[in-house]
Amino acid sequence: MITVERLSKTYRVADKQPGLAGTLRHFLRRRQRDVSAVRDVSFAIAPGEMVGFLGANGAGKTTTLKMLCGLIYPSSGQVLVAGHQPQRRHPDFLRRITLVMGQKQQLIWDLPPMDSLRVNAAVYGIPDRVASRRIAELSDLLELGEELTRPVRKLSLGQRMKAELLAALLHEPELLFLDEPTLGLDVNAQLRVRQFLAEYNRRTGATVLLTSHYMADITALCPRVLLIHQGQLFHDGPLDRLTSRLAPERHVRLELEEPAPAEAFSGLGRLDSLENCEVNLRVDPASLTRVLAQILERFEVRDLEVNDPPIDQLIGELFRQGSL
Amino acid sequence: MRIFGLNRRIVRALLGSQYAHMLEYRAEIALWALSGVLPFIMLSLWSGSDARSQLGLDGVALDRYFLSAFLVRQFSVVWMVYAFEEDALLGRLSPYLLQPLHPLWRYVASHLGEQLTRLPFAAGIAGVFFLIQPQAFWIPSLGGFLLAWLATWMAFAIAFLLQSLIASLCFWSEKATALERLLFLPFLFFSGLLAPLTAFPPAVQDWVRWTPFPYLIDFPARVLSGDPVNLAAGFGAQLAWVVLLLPLVLLLWRAGVRRYSAMGA
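Residues numbered from 1 in each chain as written. Chains lettered and ligands numbered in written order. Predicted model: local features only at pLDDT ≥ 70, side-chain atom pairs only at ≥ 80, totals over all residues. Heavy atoms only, no water.

Asker: Looking at this structure, how should I read the sheet that holds strand E7 (residues 207-211) of chain A?
Answerer: Working definition: the strands of a sheet are paired by backbone hydrogen bonds and lie parallel or antiparallel to each other. Residues and elements named next belong to chain A. One open sheet holds the six strands; their spatial order is E5-E6-E7-E3-E8-E9, and the pairing between them is mixed. Strand pairing shows two members of the sheet lacking a second neighbour, strand E5 (97-101) and strand E9 (232-238), which therefore form its edges. Across the sheet, the axes of successive neighbouring strands diverge by a mean angle of 15 degrees, strand direction being ignored. Note that E5 and strand E6 (residues 175-179) share five bridges and pair parallel. Its bridge partner being in E6, threonine 98 is matched across the sheet by leucine 176. Its contacts with the sheet put helix H6 (residues 157-169) on E5 and E6, and the angle it makes with E5 is roughly 165 degrees. Of the strands in this sheet, strand E3 (50-54), strand E8 (224-229) and E9 touch helix H9 (residues 239-246), which is tilted by about 125 degrees from E9. (Pairing = 2+ DSSP bridges. Helix = DSSP H or I, 4+ residues; strand = E, 2+ residues; numbered from the N terminus. Axes fitted to C-alpha atoms, helices over the stretch in contact; angles between N-to-C directions. Contact = heavy atoms within 4.5 Å.)

Asker: I'm lost on the packing of aromatic side chains in this one. Help?
Answerer: Any two aromatic rings considered together are summarised by their centre-to-centre distance and by the angle between their planes. Residue and element names in this part refer to chain B. This model, assessed by the stated rule, comprises 19 aromatic pairs over all chains. Between phenylalanine 40 and phenylalanine 70, the ring centres sit 4.9 Å apart and the planes meet at 35 degrees, which makes this aromatic pair tilted. In this pair, phenylalanine 40 sits in helix H3 (residues 38-47) while phenylalanine 70 sits in helix H4 (residues 59-74), placing the two residues 30 residues apart along the sequence. Judged on exposure class, the residue phenylalanine 40 and its partner phenylalanine 70 are both buried. Here a set of aromatic residues connected by ring pairs shows up, and it is made of Phe40, Phe70, Phe129, Phe130, Phe137 and Trp138. (Phe/Tyr/Trp six-rings, centres within 6.5 Å; stacked < 30°, edge-to-face > 60°. Buried < 20%, exposed > 50% of the residue type's maximum accessible area, 1.4 Å probe, protein only.)

Asker: Before we go on, may I ask you to explain unusual backbone geometry in this structure?
Answerer: All names here are of chain A. Look at glutamate 180: it is not a glycine, yet its phi comes out positive at around 50 degrees. Mapping glutamate 180 onto the fold places it in the loop between E6 and helix H7 (187-204). On the basis of relative accessibility, which here comes to 6%, the residue glutamate 180 falls in the buried class. We note that glutamine 230 has phi near 50 degrees; this positive angle belongs to a residue other than glycine. When you line up the elements, glutamine 230 lands in the loop between E8 and E9.

Asker: Sorry, what's going on with the domain arrangement of chain A here?
Answerer: Quite often, the size of an interface is put as the accessible area lost when its parts meet. According to the domain assignment, chain A consists of domain 1 (2-244) and domain 2 (248-307). On a C-alpha basis, the centres of domain 1 of chain A and domain 2 of chain A stand 44 Å from each other. (Domains from an automatic or database assignment.)

Asker: I'm lost on the interface of chain A and chain B in this one. Help?
Answerer: Opposite the 34 residues of chain A that make contact, chain B presents 28 residues. Of the roughly 2600 Å² buried between chain A and chain B, counting both surfaces, carbon and sulfur atoms make up 60%. Its largest share of buried area at the contact with chain B, chain A owes to Leu71(A), Tyr73(A) and Val123(A), together 22% of the area lost on that side. Taken together, the links from chain A to chain B amount to two salt bridges. (Buried area = accessible area lost by both parts, 1.4 Å probe. Salt bridge = Lys/Arg side-chain N within 4 Å of Asp/Glu carboxyl O.)

Asker: What should I look at first to understand the pattern of salt bridges in this one?
Answerer: Between side chains of opposite charge, a pair can form when the charged atoms approach closely. All names here are of chain A. What the rule picks out here adds up to 26 salt bridges over all chains. Between arginine 253 and aspartate 303 there is a salt bridge whose closest N-O contact spans 3.5 Å. Here the residue arginine 253 occupies a position in strand E10 (residues 250-256), and aspartate 303 occupies one in strand E13 (residues 301-307), the gap between them amounting to 50 residues. Aspartate 303 sits in the partly exposed class, given a relative accessible area of 31%. Residue arginine 302 is joined to glutamate 255 by a salt bridge in which the shortest nitrogen-to-oxygen separation is 3.1 Å. Placement of the pair is arginine 302 in strand E13 and glutamate 255 in strand E10, with a sequence separation of 47 residues. Overall, the relative accessible area of 22% leaves glutamate 255 in the partly exposed class. Connected via shared salt-bridge partners are Arg253, Glu278, Asp303 and Glu305.

Asker: Hey, could you run me through the sheet that holds E13(A) in this one?
Answerer: Residues and elements named next belong to chain A. If you walk across this open sheet you meet the four strands as E11-E12-E10-E13, and the pairing is antiparallel. At either margin of the open sheet sits one strand with a lone partner, and together these are strand E11 (270-275) and E13. Each strand of the sheet is rotated relative to its neighbour by a mean of 15 degrees, with strand direction disregarded. Summarising the sheet, E10 and E13 pair through six bridges and their orientation is antiparallel. Within E13, the position partnered with valine 252 by the bridge is valine 306. With respect to the sheet, helix H10 (residues 288-298) is in contact with E10, strand E12 (278-283) and E13, its orientation differing from that of E13 by roughly 170 degrees.

As structure tokens, this is what we get:
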């Protein structure tokens, strides 16, 4: 469904130093430099896949998404989406895709969503009867009712996002590009949008590419994750493989019956903390079974937990460090 | 059949939604209609001036000309640059670009919706004018009215294309409204809004006839008020300007969208 080969995007931006001298210099002799937003990114997505697109702000994920839906021309590389070059925005291509941006809206602000839906139905050439049936189905799934006949400006953020989704999916696109669709929604609304997307994918077999800052969106919906970092693709594969790549150790938490000295844990991994009876260790997954057996042999254990570090914490750390 | 992505059903849906949208702003539109009374102010100035004889229009004809100028202006006013600049800057253009319909049609529909909303206010103001100046009252013949209606539509088309040309520069300058002001000055003087074109010296008239401005107000207003006017030359010039501007707008738009896309949409 999507094939991306060595895709790159470079922007030219003007640099301006602060102060009067900087302003005058900027006015008389503008200095520009090239900023590489996306560099040599390659991947392929099969029909029906739900793929999460992760990355910090400015990592290049929205730029990539916009290149895939045809809003941005690539600087170099090849993109083929549903058999089309997206930047040509061929009507057949446009009928097969949709883009939902959490921060942007397509609904007419002062009118009820139903008016915008009628326009969309006409623009996409959906017969009235089919459009009514789809609106009924989608509004049922999204739990939208009288909100469809209330002006958009009077709707809550969650209701508005659901109406935006309805408008974006009315033409039953095969490909959904979702850029932060749960941004700013409360926990319940996020959950409902997530459930809806999963159900929509199950019913229609649509391909979904989703960016989100909420890891819960990604973990709930996307078996496969693309992690883009400083414009480059850092990871393409299942989420748990990303976890083991970012954190090659397991966290072992112990609660002992009696306190033990630090030396007692030598050869059992890296000792993170030791406070009375509570011990935190980091252990290489390859030796985990052996280490656990030794722990149970050496100590009286009241409680034992083995965890992967939370993925959002790992990615957050990665973004904060700014390098891999 | 679709023309630039448009068919009858889309026209109906777009006009219906845009009319409903504009009705939400009816109070504002009423004020805009009221603020368009410049031709009446000019009428009172010219009526009290000795220079009136140079206009080639007697008392009643002058009244009718300025009322017609007011009506033509009401139904050919274009604010494309302002709406487009806002949409481009706020990123509202992106979803429009991803639909199988040329985004310019949405702006055409907004304008037509607004014109329909203006209709009762403009008619009310014309009614008040006739109450004050009953001697100026006239009902144009059906043929005359239809020709004036067509000339006003052509004027709207030219104004819309001119502003679309400037709006497309938004893709480069981001502040196309500043450029629009450059257009406004010659429009104000040479369109016939402040004075009929005959008020200018013959050399200026000859020169101005090569610009689109007299075909925006002066020509349609003369057709509506029943002044003797060369219809073939007027409509021919209007059509020529539409034919000239349309491909220019489409070319500049395409280049602009390419640049917009290159800059990050």
